[in-house]
2 protein chains.
Amino acid sequence: MKTLIIVAHPQRNESVTQTFFRDSLANLDNVTWHPIEPQFDVKEERQLLISNDRIILQFPLYWYSAPALMKKWIDDVFGDTFALAPEFVMEDRELGLVVTTASAGDDFGAGKPEQFTMSEILRPFEAMAKKVKMKYLAPFVVHQFGYQTEEQHEQLLTDYQQYATNSDFQDFSGQTKWFLAQLKNKMNKLDNEYDIIMVQSLYDQLESGQDELKDLQWTLSMIKNAGEDKNGNNGLD
Amino acid sequence: MKTLIIVAHPQRNESVTQTFFRDSLANLDNVTWHPIEPQFDVKEERQLLISNDRIILQFPLYWYSAPALMKKWIDDVFGDTFALAPEFVMEDRELGLVVTTASAGDDFGAGKPEQFTMSEILRPFEAMAKKVKMKYLAPFVVHQFGYQTEEQHEQLLTDYQQYATNSDFQDFSGQTKWFLAQLKNKMNKLDNEYDIIMVQSLYDQLESGQDELKDLQWTLSMIKNAGEDKNGNNGLD
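Residues numbered from 1 in each chain as written. Chains lettered and ligands numbered in written order. Predicted model: local features only at pLDDT ≥ 70, side-chain atom pairs only at ≥ 80, totals over all residues. Heavy atoms only, no water.

When helices and strands are counted, chain A shows nine helices and six strands. On C-alpha atoms alone, chain A measures out to a radius of gyration of 19 Å, which is about the 18 Å that the 2.2 N^0.38 rule sets for 237 residues. A principal-axis box enclosing the C-alpha atoms of chain A has dimensions of 55 × 45 × 40 Å. By the burial criterion, 45% of the 237 residues in chain A qualify as buried. Long-range pairs, those at least 24 residues apart, make up 73% of the contacts in chain A with a sequence separation of at least 6. Within chain A, the 37 negative side-chain charges are centred at a point lying 6 Å from the centre of the 22 positive side-chain charges. (Helix = DSSP H or I, 4+ residues; strand = E, 2+ residues; numbered from the N terminus. Rg over C-alpha atoms; globule rule 2.2 N^0.38 Å. Buried < 20%, exposed > 50% of the residue type's maximum accessible area, 1.4 Å probe, protein only. Contact = heavy atoms within 4.5 Å. Lys, Arg positive; Asp, Glu negative; His and termini not counted. Charge placed at Lys NZ, Arg CZ, Asp CG, Glu CD.)

Written as structure tokens, this is what we have:
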């Protein structure tokens, strides 16, 4: 799977969040970090689109939508002859969104300060995906990056890496397979024998324990669901 | 009430719909037709905003949202210091939307080609209005203008005029009052005695028949609702 991440951030180089995301992809294969500049070549952009399988639009939420720069890219590149042509060149490719917000996750939803859920606010993108027959991925929303703890950032890092490169990121066994592939990749790059043994041992444990992990995951999700029922929601959507 | 209509249409001068709307406002007072150019002065735009009571954003739906030009205007003019400043300069002003679409009204909604209703697709604007404490007006959506009949265009014309200039356009007695004011205005501009008598007679009939009209309107709405119940919806939303 090849992934294209289209980044539109008016202050991209000064954005701590965007820098964090870019750096987290440094050691991953088959993923292209592609910031939009105010001037772009529509033909080149379309060529990039069709040479990738997962297209991710990444932007900060400005007035409940993409910044103007991202919208210009969509209007010009998707156009009304390219993405809607009878052959539907975008068909079956995936459309992901990485959206950062300045508001807290808890602020979104009926009766809350932001009134709507992020799922609702991002409906125009979901409608767009349907129109061009792309598969719409669950949006990856990051609230208040700057207020997150070091631990939350670590979790965010692997979650983001998977959103970018794991074809099966929403499924537990897909996640385990992805981790195994990452470890294998890491092993191949090591030259210290002790490190290799350590990583190999971790790999073996993870691989042989997959069934056990699945059971554990199921139990955890039951406990988690019970907790969420009490609160009415999980604060994210 | 003073109204500002902010028009963003990439091919504004060639758009039959936008020309129709602009011409329909020719004889109305207190309404400013304000097309956005790619270059605009943020300070001037803000000054325009605060000197009006009803702000209407008017645009064709591009990929389920405003065209990039309109989004740029929103990002720059609303900014994050102006519309969100503690004094909430936009507070209690009205936010209206006039949105034209190439798809048929019947195509919008769950299980239909466009998947979502226009109300859902326009949520980002509703969220924006709430954020800056503006009153969100029911969006004025025009589907497939080019396919409409002459009769539909005539109806559209007065509906649009009211959306632009009637402070109470959703209420029947507000609509009647608006029509009376229009007639009075027309009378004052006439100089042919015969015409004056005709319009005066129409005015008197309309004014004296207001209660009767209200009853009629109520009966009609009952009949209409019964019809809509059968179809499940009215095709607009």
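The operation relating chain B to chain A is a screw motion whose rotation component is 180 degrees, with 0.0 Å of axial translation and a residual RMSD of 0.1 Å. Such values leave the two copies arranged in the relation of a two-fold axis. The rotation axis passes nearest to the C-alpha of A68(B) in chain B, at a distance of 2.6 Å. When the interface residues of chain B are mapped onto chain A, 100% of them again fall at the interface, so both copies present the same face. (Least-squares fit on C-alpha atoms with pLDDT ≥ 70 in both.)

All names here are of chain A. Looking at chain A as a whole, the pLDDT averages 89, with 95% of positions reaching at least 70. Predicted confidence for residues 230-237 stays below pLDDT 50, and this span has eight contacts to residues more than four positions away or in other chains. Predicted complex metrics record ipTM = 0.86 and pTM = 0.87. (pLDDT = per-residue confidence, 0-100.)

Below, the discussion takes up the packing of helix α1 (residues 16-24) of chain B against helix α6 (residues 150-165) of chain B. Residues and elements named next belong to chain B. Across the interface, α1 lies against α6 with an axial gap of 10 Å and an inter-helix angle of 60 degrees. For the element pair α1 / α6, the angle class is oblique. Classified by chirality, the crossing of α6 by α1 is right-handed. For the pair α1 and α6, the contacting residues are F20, F21 and S24 in the first and H153, L156, L157, Y160 and Q161 in the second. (Axes fitted to C-alpha atoms, helices over the stretch in contact; angles between N-to-C directions. Parallel < 35°, antiparallel > 145°, perpendicular 65-115°, else oblique. Left-handed = near helix turned anticlockwise from the far one by under 90°.)

Below, the discussion takes up the packing of aromatic side chains. For any pair of aromatic rings, the description consists of the separation of the ring centres together with the inter-plane angle of the planes. Enumeration according to the criterion identifies 20 aromatic pairs over all chains in this entry. With centroids separated by 5.4 Å and ring planes inclined at 85 degrees, the aromatic side chains of W63(A) and F78(B) adopt a geometry described as edge-to-face. Taken as a pair, W63(A) in the loop between β3 (54-60) and α3 (68-78) and F78(B) in helix α3 (residues 68-78) lie in two separate chains rather than in one. Its relative accessible area of 11% is what places W63(A) among the buried residues. Measuring from ring centre to ring centre gives 5.1 Å for Y163(A) and F169(A), while their planes differ by 70 degrees; the resulting arrangement is edge-to-face. In this structure, Y163(A) and F169(A) share a single accessibility class: buried. Between K133(A) and the ring centre of F88(A), over which it is positioned, the NZ or CZ distance is 4.5 Å. (Phe/Tyr/Trp six-rings, centres within 6.5 Å; stacked < 30°, edge-to-face > 60°. Lys NZ or Arg CZ within 6 Å of the ring centre and 35° of its normal.)

Residue position: Q18(A) is located in helix α1 (residues 16-24). On the accessibility criterion, Q18(A) (2% relative accessible area) is buried.

A few words now on the interface of chain B and chain A. Listed per partner, the contact involves 31 residues of chain B and 31 residues of chain A. Regarding the contact of chain B and chain A, the summed buried area is about 2600 Å², with carbon and sulfur atoms giving 62% of it. When the area that chain B buries against chain A is broken down by residue, the three leading residues are W63(B), Y64(B) and K71(B), summing to 29%. Summed over the shared surface of chain B and chain A, the result is four salt bridges. For R123(A), the salt bridge goes to E120(B), with nearest N and O atoms at 3.5 Å. Counting across the interface, chain B meets chain A through 13 residue pairs in polar contact (both at pLDDT 80 or more). At the level of elements, α3, α4 (118-121) and α5 (123-131) of chain B are the ones that each hand at least two residues to the side of chain B that touches chain A. Counted by class, the side of chain B that touches chain A contains 17 nonpolar, four polar and 10 charged residues. (Buried area = accessible area lost by both parts, 1.4 Å probe. Salt bridge = Lys/Arg side-chain N within 4 Å of Asp/Glu carboxyl O. Polar contact = N/O pair within 3.5 Å; in protein donor to acceptor, adjacent residues only side chain to side chain. Nonpolar A, V, L, I, M, F, W, Y, C, P; charged D, E, K, R; others polar.)

A separate point is the packing of helix α6 (residues 150-165) of chain A against helix α7 (residues 172-189) of chain A. Residues and elements named next belong to chain A. At a minimum axis separation of 11 Å, α6 and α7 run at an interaxial angle of 95 degrees. Here α6 is positioned roughly perpendicular relative to α7, judged by the angle of their axes. Contact residues: T158, Q161, Q162 and T165 in α6; Q175, W178 and F179 in α7. Considered class by class, the residues forming the contact of α6 with α7 number two nonpolar, five polar and no charged.

This part is about unusual backbone geometry. For F88(A), which is not a glycine, the phi torsion comes out positive at approximately 45 degrees. Within the element layout of this structure, F88(A) appears in the loop between α3 and β4 (94-101). Positive phi is not limited to glycine here, since D92(B) has a value of about 70 degrees. Secondary-structure assignment places D92(B) in the loop between α3 and β4 (94-101). Relative accessible area serves as the criterion here: at 65%, D92(B) is assigned to the exposed category.

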